[in-house]
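Residue-level structure breakdown
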Amino acid sequence: MTTPVLSIRNLSVEIPTRQGIVKPVDGVSYDVGKGEILGVVGESGAGKSMAGNAVIGLLNAPAHISGGEIWLNGRRIDPLKGEDMRRLRGKEIGMIFQDPLTSLNPLLTIGDQLTETMLTHLPISRKEARERAIAALEEVGIPGAAERIDSYPHEFSGGMRQRVVIALALCAEPSLVIADEPTTALDVSVQAQIISLLKRLCHERGTAVMLITHDMGVIAEAADRVAVMYAGRLAELGTVRDVLTVPQHPYTHGLMASTPLASQGRKRLHQIPGAMPRLHHMPDGCAFHPRCPHARDKCRAAPLPPVANERAACWFPMLPEEVQ
Amino acid sequence: MLAFVIRRIGQSLLVLLIVGLVAFSMFRFVGDPIDNMLGQERTIEDVERLRAQLGLDQPFPIQYFKFLEGAAQGNFGVSYRQGRPVAEILLERAPATLELAAVSGVLAILAGIALGVFTAIRRNGPTAHTIMAASLIGVSLPTFLIGILLIYLFSVELGWLPSFGRGETVQLGSWWTTGFLTESGWKALILPAITLGLYQMTLIMRLVRSEMLEVLRQDYIRFARARGLRSRVVNFRHALKNTMVPVVTVIGLQLGAIIAFAIITETVFQWPGVGLLFINAIQFVDIPVMAAYLMLISVMFVGINLIVDILYVFIDPRLRVDRNGGH
Ligand SMILES: Nc1ncnc2c1ncn2[C@@H]1O[C@H](COP(=O)(O)OP(=O)(O)O)[C@@H](O)[C@H]1O
Ligand SMILES: [Mg+2]
């Protein structure tokens, strides 16, 4: 088997707080292969961004990696610090943030921001960098790239700015891109365009993508595989086809039932009762049991549920016939 | 851009007119200049004659109008005390104040920005904490006290630096005298410049620090880090530039304030500038000198403000509305 681009093993992130240490990411493992899009999905606060920030080494103190390993193209990167980590950012790992209106420096032209990134990582001249910047803008679909390269961010619409952000994340040709809610702040009408752009670029270049979202619709649209997170832990991991059509974890099932997907009939939307536990008050056993319609005594007891069928972290995974 | 500048100049003139009006309405509370000008053996007639001659028998709006009429032609009247044209006296005193203000200003801006950036980037370090604590003293001690403390330490106790005056000066051109060209000139400048600039420096430092901390929290800084830019580039190219947008305004105002605050420093150090001239003019109720000084200060304030506004547009592209057809 070829080595995956990104491999996370048992990753934990801890934050010391006044009320004690919390674990926003707790023993998470997944791989992302070359040219593959892994969707990371879960409710807000599930620890999706924390996991992404841990990979690119941008956790805000006092949050820190407290256990596990992160491997990038066969090299272990979680112990890297300072300059070593900085050199990976942008060059090996690109990142796309949620809000394109605030991701770009308002005082620098988009050309400046593109060229400074390329000149940091690539052995090219200023002139070459500018040419490549224009090409990069053309590639993400900015019309009239050669004229608009000297424009400031405020001269672009939200959707166009997110295209610029994508160009910036990809301009040094990283092997992994972490896209943290790349369409959440955008107008519904441009969301699909941005997702298909990201999908096309990464498939063309063989870039691995960690696509973080709370939107099952985006996952269905773009991802090859999906990791469902709940309260810092992995609930289910599998191909989009498997997980979306026959979810095995009751949480995934609840998420699916609460998402309006175009492919499904327009049934009444279901809501999972209750709320995700606060990190300070994590229940024993499976974190989902207080909200789970199928919870039994075993789920409430101390040991965490094992991963069943290499898919769902659940003592009693749902059977295909239970999923209508 | 041009329309903007013209509109701002118009506003500035209006501000100047109002400042002048307020100043004139206050002069009569300072005292009666006639008392100082005539000796003990004066008659009522003398007083009335002089009052009419100086135009002081007129209501103050008319006095103000007459002043404006003269000022528009570059004529600020004659000093009651010295009997010489006010313009000449001011011109003679201006270099001392301007040199003091320039040195204090440069000191305050350079040190203020440098320390502000340092304390923002190293916000949890012990040095940054010490600087912040020390800056509280700088903000809370009144200027004259700082001046007196410096004099006590460096002039009285250590005897290193002079406590008053401007040292030897050199004549440059027809009216400018400079203290920059002699050793005693520089020595005399050090204490007043620190006294005058310290408050502004701490203010600029604290402002730069808090603005920079705010900027460092922004998404575009995070994104710049995520793109792998070197921390020097992130801090100076990305963060400092954005920090300066709001800071420039305040720095401009502070420069104006330096010239106005020079009154106190000049009094403490007997620095022969326009501030000291103004203090002496108040004691003598020398209305032409007071009026011209206040006008000069207001012009300076308003002018600096205007420059700052234009600079602001220059730094921040978002304010350049009517440039190349972007939207
Ligand atoms: N400084 C902090 N102290 C305590 N808890 C925090 C802190 N920062 C984030 N968290 C918690 O970490 C969890 C994970 O957050 P995040 O990764 O942003 O979630 P997601 O991206 O899935 O919405 C959240 O429950 C949040 O409350
Ligand atoms: Mg998030």
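Residues numbered from 1 in each chain as written. Chains lettered and ligands numbered in written order. Predicted model: local features only at pLDDT ≥ 70, side-chain atom pairs only at ≥ 80, totals over all residues. Heavy atoms only, no water.

Quick notes on the overall build of chain A
A count of helices and strands for chain A gives 12 helices and 12 strands. Radius of gyration (C-alpha) of chain A: 20 Å, near the 20 Å computed for a compact globule of 324 residues. Each principal axis of the C-alpha distribution contributes one length, and for chain A these read about 65 × 45 × 45 Å. Total accessible area on chain A stands at roughly 14300 Å², and carbon and sulfur atoms take up 52% of it. For chain A, the distance from the average site of its 34 positive side-chain charges to the average site of its 35 negative ones is 3 Å. (Helix = DSSP H or I, 4+ residues; strand = E, 2+ residues; numbered from the N terminus. Rg over C-alpha atoms; globule rule 2.2 N^0.38 Å. Areas by Shrake-Rupley, 256 points an atom, 1.4 Å probe, with all protein chains shown as cover. Lys, Arg positive; Asp, Glu negative; His and termini not counted. Charge placed at Lys NZ, Arg CZ, Asp CG, Glu CD.)

Some thoughts on the overall build of chain B
Helix and strand counts for chain B stand at 12 helices and 2 strands. The order of α-helices and β-strands along chain B, N terminus first, is α-α-α-α-α-α-α-β-β-α-α-α-α-α. The contacts in chain B between residues at least 6 apart in sequence include a share of 70% that link residues at least 24 apart. Element-wise, carbon and sulfur atoms account for 67% of the exposed surface of chain B, whose accessible area totals about 16900 Å². Each charge class in chain B was averaged separately, 27 positive and 22 negative side chains, and the resulting centres sit 19 Å apart. (Contact = heavy atoms within 4.5 Å.)

Focus on the packing of aromatic side chains
Counted according to the given criterion, the structure contains 9 aromatic pairs over all chains. Consider the rings of Tyr230 of chain A and Phe288 of chain A, whose centres lie 5.1 Å apart with planes at 85°: the pair is edge-to-face. In this pair, Tyr230 of chain A is assigned in strand β9 (residues 225–230) and Phe288 of chain A in the loop between α11 (250–257) and α12 (297–300), connecting sequence segments 58 residues apart. Judged on exposure class, the residue Tyr230 of chain A and its partner Phe288 of chain A are both buried. Aromatic pair Phe67 of chain B and Phe76 of chain B: ring centres 6.1 Å apart, planes at 55°, arrangement tilted. (Phe/Tyr/Trp six-rings, centres within 6.5 Å; stacked < 30°, edge-to-face > 60°. Buried < 20%, exposed > 50% of the residue type's maximum accessible area, 1.4 Å probe, protein only.)

Some remarks on the confidence of the model for chain B
Residues and elements named next belong to chain B. Averaged over all residues, the pLDDT of chain B equals 85, while 98% of them reach at least 70. The secondary structure element of chain B with the lowest average pLDDT is helix α2 (residues 33–37), at 77, and the one with the highest is helix α9 (residues 219–226), at 95. Here residues 323–327 scores under 50 on pLDDT; set against residues more than four positions off or in separate chains, the count is 4 contacts. Predicted as a complex, the structure gets a pTM of 0.81 and an ipTM equal to 0.90. (pLDDT = per-residue confidence, 0-100.)

A word on the site of ligand 1
Residue and element names in this part refer to chain A. All residues adjacent to ligand 1 are Ile15, Thr17, Pro24, Glu43, Ser44, Gly45, Ala46, Gly47, Lys48, Ser49, Met50 and Leu279. At 2.9 Å from an oxygen atom of ligand 1 is found a side-chain nitrogen or oxygen belonging to Lys48. A total of 580 Å² of accessible area belongs to ligand 1 in isolation, and the protein chains cover 62% of it. For the shell around ligand 1, the secondary-structure elements that each account for two or more residues are β1 (6–17) and α1 (48–56). Broken down by element, the residue count for the shell around ligand 1 peaks at 3 residues, all from α1. (Near = heavy atom within 4 Å. Polar contact = N/O pair within 3.5 Å; in protein donor to acceptor, adjacent residues only side chain to side chain.)

Here we look at the packing of helix α1 (residues 2–30) of chain B against helix α12 (residues 287–315) of chain B
Residue and element names in this part refer to chain B. Running from N to C, α1 and α12 point in directions that differ by 155°, and their axes come no closer than 9 Å. With respect to α12, the element α1 is oriented roughly antiparallel. Here α1 and α12 pass one another in a crossing that is right-handed. (Axes fitted to C-alpha atoms, helices over the stretch in contact; angles between N-to-C directions. Parallel < 35°, antiparallel > 145°, perpendicular 65-115°, else oblique. Left-handed = near helix turned anticlockwise from the far one by under 90°.)

Topic: the interface of chain A and chain B
On the chain B side, the residues contacting the 29 residues of chain A number 24 residues. Buried area between chain A and chain B, both sides added, is near 2600 Å², and the carbon and sulfur share of it is 54%. The shortest N-O distance in the salt bridge between Glu116 of chain A and Arg227 of chain B comes to 3.2 Å. Counting across the interface, chain A meets chain B through 15 residue pairs in polar contact (both at pLDDT 80 or more). Contributions of two or more residues to the side of chain A that touches chain B are made by α1, β6 (93–96), α3 (100–103), α4 (110–121) and α7 (158–170) of chain A. Looking at which element gives the most residues to the side of chain A that touches chain B, the answer is α4 of chain A, with 6 residues. Among the residues forming the side of chain A that touches chain B, the class breakdown is 12 nonpolar, 11 polar and 6 charged. (Buried area = accessible area lost by both parts, 1.4 Å probe. Salt bridge = Lys/Arg side-chain N within 4 Å of Asp/Glu carboxyl O. Nonpolar A, V, L, I, M, F, W, Y, C, P; charged D, E, K, R; others polar.)

Quick word on a nonpolar patch on the surface
A cluster of nonpolar side chains, contributed by Leu14, Leu17, Ile18, Val22, Met26 and Phe29 of chain B, occupies part of the molecular surface with about 640 Å² of accessible area. Its relative accessible area of 42% is what places Leu17 of chain B among the partly exposed residues. (Patch = residues over 30% accessible without salt bridge, like charges linked within 9 Å, V, L, I, M, F, W, Y side chains within 5 Å.)

Overview of helix α8 (residues 183–216) of chain B
Taking 1.5 Å as the rise per residue, α8 of chain B with 34 residues should run 50 Å; its terminal C-alpha atoms sit only 44 Å apart, a clear shortfall. Along α8 of chain B, the sharpest kink reaches roughly 40°, centred on Gly197 of chain B. (Expected span 1.5 Å × (residues − 1). Bend = angle between axes of the 7 residues up to and from the residue.)

Here's the deal with unusual backbone geometry
All names here are of chain A. Look at the link from Ala61 to Pro62: it is a cis peptide, with omega at 10°. Here Pro62 shows up in the loop between α1 and β4 (64–72). A positive phi angle, near 50°, is found at Glu181, a position not held by glycine. Inspection of the secondary structure puts Glu181 in the loop between β7 (176–180) and α8 (188–205).

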